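Results of the structural survey
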Amino acid sequence: MTAAHGERLGAGELGAELGAKATLVQFSSAFCQPCRATRRVLADVAAMVPGVAHVEIDAEGALDLVRALRVDSTPTVLVLDADGRVVRRAAGQPRKADVIAALGAAV
């Protein structure tokens, strides 16, 4: 996962509340096979780590947000800190260990 700076998201943009410590935001599309595996990985990590939320966004239904955040492919994962600031981002299916390590930048 790479560092990202400047972008800040809230419940209004995400359609869900932020996690108390961090939020894993996943941009997916309907026929994206890696998106399903990514959903499982992120849900597992969110269940393991207290205060971490997982929010999945349908990229096709949120085109303004996709464009604003320069999401070029699905799955794309953003790691937000407690204030909704994007601290890491990655495209493609992440490994659980990489997601856990990326959370270190957010908490």
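Taking an unreviewed UniProt entry as the reference, the protein is identified by name as Thioredoxin belonging to Streptomyces silvensis.

Take unusual backbone geometry next. The residue after Thr74, namely Pro75, is reached through a cis peptide bond having omega -5°. Phi at Arg70 is positive, roughly 55°, even though this residue is not glycine. Among the secondary structure elements, Arg70 is positioned in the loop between helix H3 (63-68) and strand E4 (76-81). Classification of Arg70 by relative accessible area gives exposed; the value is 52%.

The next point concerns the side chain of Gln26. By the element assignment, Gln26 lies in strand E2 (residues 22-28). Within the structure, Gln26 has its side chain in polar contact with the backbone nitrogen of Arg39 (distance 3.5 Å). The residues touching Gln26, leaving out its near neighbours within four places in the chain, are Cys35, Thr38, Arg39, Leu42, His54, Val55, Glu56, Ile57, Pro75 and Thr76.

The rules behind these values
- Residues take numbers from 1 onward in each chain, read along the sequence in its written order.
- This being a predicted model, a pLDDT of at least 70 is required before a residue's local features are given, and a value of 80 or more before pairs of side-chain atoms are given or counted; all residues contribute to the totals for chains, interfaces and linings.
- The side-chain figures draw on all heavy atoms in the structure; neither hydrogens nor water molecules are used.
- Comment: elements are numbered from the N terminus, with helices defined as DSSP H or I runs of at least four residues and strands as E runs of at least two.
- For every residue, the accessible area (1.4 Å probe, protein chains only) is compared with the maximum for its type, and the residue is labelled buried under 20%, exposed over 50%, or partly exposed between those bounds.
- In the analysis that follows, any N or O atom pair within 3.5 Å is treated as a polar contact, provided that within protein one partner can donate a hydrogen and the other can accept it, and provided that, for residues neighboring in sequence, both atoms belong to side chains.
- Throughout, a contact is declared for two residues whenever any of their heavy atoms are within 4.5 Å.

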